[in-house]
Amino acid sequence: MSRTTLIIGNDLRRRLRSPMATILFLVIPLAMTGLIGMIFDPGQDNRTKLPPIHLLVVDNDKDIAAKFLLGAFDQKELKEMFQVTLVDAPAGEKLMQKGKASAMLVIPEHFSADLADQKPSRLEVVKNPSEEFLPGVAEEFAATMAVGFSALAQVFADELRIIRGFRSLTLESVTIAEMTPFLEMARAKIIALKTYLSPMLLKVKSVTTKKPGQEGKPLGFNIFSYIFPGMLIMFLLFIIEPSLREIQNERADGKTRRMMFSPLSSLELVTARIFSGWLIGFLVCLLAMAAGMLLFGIDWGRPLLQLALFAIACFWCSAFFAMLNAFFRNKNQAGAFASPIILVFSAFGGSMLPLEQLPAGMRWVGKLTVNNWFITGCRRIMDGASPLLPLTLLAVTGLAFAAVAMIALPRRLSV
Amino acid sequence: MQQKILEIKNLGKSYGETTALANFSLDLAPGEVLGLLGPNGAGKTTLISILSGTLRDFSGSVAFRGQDLFADRRLKNRIGIVPQEMAFYEDLSALENLLFWGGLYDIPEKELKRRALELLAVVELSTRAREPVKKFSGGMKRRLNVAIGLVHRPELLLLDEPTVGIDVQAKVSILDIIREVGRKGTSVVFTTHQLAEVEQTCSRIAIMDQGKILATGTLAELIRIVGEKEIVEVSGEFSATAFSEAIPAPSGAGIEILSVSDDFAMLAFADSQDIPAMMQRLFAHRLHVADLKIKSPSLEAVFLKMTGRSLRD
């Protein structure tokens, strides 16, 4: 066994013997991803589920068309979408002022009569200004109803007039003799319209895009895939940093001097430290990958490419901290600077806030961070795009940092 | 002539304006146990750091068995160090530590394991070989620290204050180990503040201060070098005048009266063999001597005289 391997193995053994810190840094990003994901999760069927829209309805008509309109809200899908409360106008206004409903639909007086007489009428929607989306849905619904009712009123104008002639619309009050001419007229119109309406020549077919090789699997936006890479790289930095800070600790407590007294060279020691940090980070990545799949159903895309990205990112982190430790004077300085550096990287690099949400200036600075390129690489692989640019950038800068560390760190090993 | 195991010639190292080592020269014969005494700031740690290769930009040369110590890293297989710090992993067991530190040297794996177990027995840690070291007492940790320095059977062992901060029992145990190592032929350089330890353990003593060796030799040689004398305190029934008449000062026989009063006198002897002659003269002058105390010259006195300060300064 080479001396480098011996040191790497020893570091790994020590990490495994006191695994709490590493486990914690693996569990925290998983927990945070879970928490944030649960808050913003659009649902398991990947559709946006809206809460029921609280709609107040003021029925100033109370005639047949208004009854048809209100009856529509009892249909299954609309019943799930709308929570309808019938109110009179003053009560409705009060409730709207208190913001107790998303919208109020006002059915005007003589709504049914006007429709039957082919006169223009108007459905009024009062929207709650404190809500943006739900009142808009209610408005769209009213607009659709207006179009539908207009068409029906125009096609069945005669029938409407007959129906309105009945005093009350109950089975007991209407005789077969009264109904017969109405039904005959309606039947004739339906037969005539059938030519135009059925069969429909144009149909809409809805298709959801799928990744290559993913046919048959439901595909949708998984919020955990969106959050987890950012969290992972932030905590990878926290996990790998102590391995490199060990250089300062061992220098302070005499272990470095003892090591340098052996045939071990300072280059071997620096190499061992860099790969020790890399190994710990990579093992955590493997666990994180598995945990992400099992807990959050994250589809990592092409696993081998993703593993390559993890390996290169871990190397980058390890080499970066090795280089920093060449310039830190002692372990206190290393301890004091490491965490702020990681936090700045994470804030600008998209670990804390989505890259797309950052201001342009921050996004530009973020391009200088490992977090940015790791997240970009992860997403590209997940989306089936080429991760060549992030991989190359991370590999080249990582190698440059390692080279600086190899040159500068042996000087720091001097006691 | 037997080849020196270690030859340090004109070693010099400065930190800015401060000189840590100035023309420092020292050599060591095989099997010799050398005590390196010096107050804080004397340059002991700088010397050890240079020998370990962790300190560069120095002048002079260091040869191990005639070869430049820094020219061939493999030479380090033949040198061991016991640093002042507890330089091992407290979360590992004693055995794991020995195997790790020993693994840095070119020792076959089987031999290393055998040697580690053997050393655990020597430092009396066999029964706790597989326990994490953090559970050990200070003395046990010090013993392990020494064992790690010996794991690769070095020909030269450097010990940097190996008994700091431990109880008497543990100290005795470590000094026994060092003596045993020396007895088996390993050369030892042993830096310490404790004069008694050097007196008990070392075959040769080097006194250093301000980056230089002031003197080297056995304890007796050092005493001779500084001209330190044995002090004799005499008490009894006599007058100061009568005592001075019996032993006139200077006596010319290497006897010096340091002080005299009625019933008490203090004398310095260059040679303790002159004490019986002094007693005969006192009896010849019918002076009644009730008590006689002889104080041998100490290393501390030698050190004080050479460095002008105590080791605790």
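Per chain, residues are indexed from 1 in the order of the written sequence. Naming scheme: in the order in which they are written, chains are lettered from A and ligands are numbered from 1. Where local features are concerned, this predicted model is filtered to residues with pLDDT of at least 70; where side-chain atom pairs are given and counted, the filter is 80 or more; whole-chain, interface and lining totals use all residues. Only heavy atoms go into the side-chain values, all of them from the structure, while hydrogens and water stay out.

A. Focus on the overall build of chain B. When its secondary structure is counted, chain B shows 10 helices and 14 strands. Dimensions along the principal axes, computed over C-alpha positions, put chain B at roughly 75 × 45 × 40 Å. Accessible area is worked out with a 1.4 Å probe on protein chains only. A residue is then buried under 20% of its type maximum, exposed over 50%, and partly exposed in between. With 313 residues in all, chain B has 50% of them scored as buried. Two residues form a contact once any of their heavy atoms are found within 4.5 Å. Here the contacts in chain B between residues at least 6 apart in sequence split such that 68% fall between residues at least 24 apart. All accessible areas in this document rest on Shrake-Rupley with a 1.4 Å probe, and a residue is counted as covered only by the protein chains that are shown. Surface exposure of chain B reaches about 14300 Å², of which carbon and sulfur atoms provide 49%. Runs of H or I in DSSP of at least four residues are treated as helices and runs of E of at least two as strands, each being numbered from the N terminus.

B. Molecular detail of the sheet that holds strand 11 (residues 230–237) of chain B. Residues and elements named next belong to chain B. Note: two strands are recorded as paired if DSSP finds a minimum of 2 bridges between them. Spatially, 12-13-11-14 is the arrangement adopted by the four strands of the open sheet, whose pairing is antiparallel. The open sheet is flanked by strand 12 (255–261) and strand 14 (288–295), the only strands paired with a single partner. Going from strand to strand, the sheet's axes swing by 20° on average, the running direction of each strand aside. Two elements, strand 11 and strand 13 (residues 264–269), share six bridges in a ladder whose sense is antiparallel. Within strand 13, the position partnered with Ser 235 by the bridge is Phe 264. Throughout, an axis means a line fitted to C-alpha atoms (over the contacting stretch in the case of helices), and angles, computed between N-to-C directions, take values from 0 to 180 degrees.

C. Structural detail: the interface of chain B and chain A. Each partner contributes residues to the interface: chain B has 37 residues there, and chain A has 29 residues. Summed over both partners, buried area is the accessible surface (1.4 Å probe) that two parts give up on being assembled. The junction of chain B with chain A conceals about 2900 Å² of combined surface from both sides, 55% of it contributed by carbon and sulfur atoms. On the chain B side of the interface with chain A, the three residues burying the most area are Thr54(B), Tyr89(B) and Leu104(B), jointly 23% of the side's total. For salt bridges, the criterion is a side-chain nitrogen of Lys or Arg within 4 Å of an Asp or Glu carboxyl oxygen. Linking chain B with chain A are five salt bridges. A salt bridge links Asp160(B) to Arg257(A), with the shortest nitrogen-to-oxygen separation between them at 3.8 Å. Think of a polar contact as two N or O atoms within 3.5 Å of one another; within protein, one of them needs to be a possible hydrogen donor and the other a possible acceptor, and neighboring residues in sequence only count if both atoms come from side chains. Where chain B touches chain A, the interface holds 12 residue pairs in polar contact (both at pLDDT 80 or more). Of all the secondary-structure elements, those providing two or more residues to the side of chain B that touches chain A are helix 1 (44–52), strand 6 (79–82), helix 2 (94–103), helix 4 (138–150) and strand 7 (156–160) of chain B. Residues are grouped as follows: nonpolar covers Ala, Val, Leu, Ile, Met, Phe, Trp, Tyr, Cys and Pro; charged covers Asp, Glu, Lys and Arg; every other residue, Gly included, is treated as polar. Per-class residue counts for the side of chain B that touches chain A are 18 nonpolar, 11 polar and eight charged.

D. Here's a closer look at the environment of Ala113(A). Residue and element names in this part refer to chain A. Turning to its location among the elements, Ala 113 is positioned in helix 6 (residues 111–116). Residue classification places Ala 113 among the buried residues on the basis of a relative accessible area of 13%. Spatially, the C-alpha atoms of Ala 113 and Asp 63 are 8.1 Å apart, while their sequence positions differ by 50 residues.

E. Broad picture of unusual backbone geometry. One non-glycine residue, Lys62(A), adopts positive backbone phi at about 55°. With respect to the helices and strands, the residue Lys62(A) is situated in the loop between strand 1 (53–59) and helix 3 (64–72). Take Lys62(A): its relative accessible area is 58%, and that puts it in the exposed class. The residue Gln210(B) is not glycine, and still its phi comes out positive at about 50°. Turning to its location among the elements, Gln210(B) is positioned in the loop between strand 9 (204–209) and strand 10 (212–217). Gln210(B) gets classed as exposed once you look at its relative accessible area, which sits at 58%.

F. Geometry of helix 13 (residues 303–327) of chain A. What a helix should span is 1.5 Å times the count of its residues minus one. Given a rise of 1.5 Å per residue, 25 residues ought to cover 36 Å, and the 37 Å separating the end C-alpha atoms of helix 13 of chain A matches this to within 8%. Of all 25 residues in helix 13 of chain A, 18 are buried; the element is thus mostly enclosed.

G. Examining the nonpolar core more closely. Within the largest apolar cluster, 126 residues are counted, with the highest numbers of intra-cluster contacts made by Phe310(A), Leu98(B) and Leu104(B). Residue contributions to this core peak at 16 residues, all from helix 10 (residues 223–252) of chain A. Once residues within four sequence positions are removed from consideration, Leu104(B) is found in contact with Arg3(A), Leu6(A), Ile7(A), Met259(A), Ser262(A), Pro263(A) and Leu264(A). Definition used in this section: a nonpolar core is a set of buried Ala, Val, Leu, Ile, Met, Phe, Trp, Tyr and Cys residues joined via side-chain atoms within 4.5 Å. Core analysis: the next-biggest nonpolar cluster, separate from the first, contains 28 residues, Ile8(B), Leu21(B), Ile50(B) and Phe64(B) among them.

H. How the structure looks around the domain arrangement of chain A. As annotated, the domain borders come from an automatic or database domain assignment. Per the domain assignment, the segments of chain A are domain 1 (3–43 + 221–412) and domain 2 (53–165). Distance from the C-alpha centre of domain 1 of chain A to the C-alpha centre of domain 2 of chain A: 58 Å.

I. Main features of the pairing of strand 7 of chain B. Residue and element names in this part refer to chain B. Most of strand 7 is tucked away: five of the five residues are buried. With burial as the criterion, each face of strand 7 is covered, one bearing Leu 156, Leu 158 and Asp 160 and the other bearing Leu 157 and Leu 159. Here four bridges tie strand 6 to strand 7, and the two strands are oriented parallel to one another. Note on strand 7: the bridge partner recorded for Ile 79 is Leu 156. Orienting the strands away from the viewer, one traces the path from the first strand over the helix to the second; a clockwise path indicates a right-handed crossover. In this view, the connection linking strand 7 to its parallel neighbour strand 8 (residues 187–192) by way of helix 5 (residues 168–183) has right-handed handedness.

J. Here's a closer look at the pairing of strand 4 (residues 59–64) of chain B. Residues and elements named next belong to chain B. Bridge count for strand 1 (residues 6–15) against strand 4 is five bridges, and the pairing is antiparallel. Across the sheet, the residue bridging to Gly 12 is Ser 59, located in strand 4. One ladder, built from two bridges, connects strand 4 with strand 5 (residues 67–68); its direction is antiparallel. From the neighbouring strand, Phe 64 faces strand 5, where its bridge partner is Gln 67. Between strand 4 and strand 5, which follow one another and run antiparallel, lie two residues, and Arg 65 among them has a positive phi close to 50°.

K. Region of the structure containing the packing of aromatic side chains. What counts as a ring pair is set by centres within 6.5 Å for rings of Phe, Tyr and Trp (its six-membered ring), and what kind of pair is set by the plane angle: stacked under 30 degrees, edge-to-face over 60, tilted for all other angles. Throughout the structure, instances matching the rule amount to 27 aromatic pairs over all chains. Between Trp316(A) and Phe401(A), the ring centres sit 5.2 Å apart and the planes meet at 75°, which makes this aromatic pair edge-to-face. Here Trp316(A) is found in helix 13, whereas its partner Phe401(A) is found in helix 17 (residues 388–412), with 85 residues between them in sequence. Here the aromatic rings of Tyr89(B) and Trp101(B) are separated by 5.8 Å at their centres, their planes lie at 15°, and the arrangement is stacked. In this pair, Tyr89(B) is assigned in the loop between strand 6 and helix 2 and Trp101(B) in helix 2, connecting sequence segments 12 residues apart. Trp101(B) carries the same exposure label as Tyr89(B), and that label is buried. Ring-over charges, as used throughout, are those where CZ of Arg or NZ of Lys falls within 6 Å of the ring centre and within 35 degrees of the ring normal. Sitting over the ring of Trp101(B), Arg258(A) keeps its end group 5.8 Å from the ring centre.

L. Spatial organisation of the domain arrangement of chain B. Looking at chain B, the domain boundaries give domain 1 (6–224) and domain 2 (229–296). Centre-to-centre separation of domain 1 of chain B and domain 2 of chain B, based on C-alpha positions: 45 Å.

M. Local environment of the packing of helix 2 (residues 20–40) of chain A against helix 10 of chain A. All names here are of chain A. In the contact formed by helix 2 and helix 10, the axes pass within 9 Å of each other and the chain directions differ by 155°. By the criterion of interaxial angle, the relationship of helix 2 to helix 10 is roughly antiparallel. Every pair of crossing elements has a handedness; the one defined by helix 2 and helix 10 is right-handed. When describing relative orientation, an angle under 35 degrees is termed roughly parallel and one over 145 degrees roughly antiparallel, while 65 to 115 degrees is termed roughly perpendicular and anything else oblique. In a left-handed crossing the near helix is turned counterclockwise from the far helix by less than a right angle, and in a right-handed crossing that turn is clockwise.

N. A look at empty space enclosed by the protein. Site definitions follow a grid-based scheme: protein atoms alone, a 1 Å grid, a 1.4 Å probe that fits but cannot get out for cavities, and for pockets an open set with protein on both sides within 12 Å along at least five of seven lines, plus lining residues having an atom within 4 Å of a point. Grid points are joined across faces, edges and corners, and a volume is the space filled by probe spheres set on the points. Inspection of every chain in the model, using the stated rule, returns two cavities of 30 Å³ or more. Volume-wise, the largest cavity comes out at about 40 Å³. Along the walls of the largest cavity sit Arg258(A), Gly80(B), Ile81(B), Trp101(B), Gly102(B), Tyr105(B), Ile148(B), Gly149(B), Val151(B) and His152(B), which together make up its complete lining. Elements with a minimum of two residues in the lining of the largest cavity: strand 6, helix 2 and helix 4 of chain B. In the lining of the largest cavity, the residues fall into five nonpolar, four polar and one charged.

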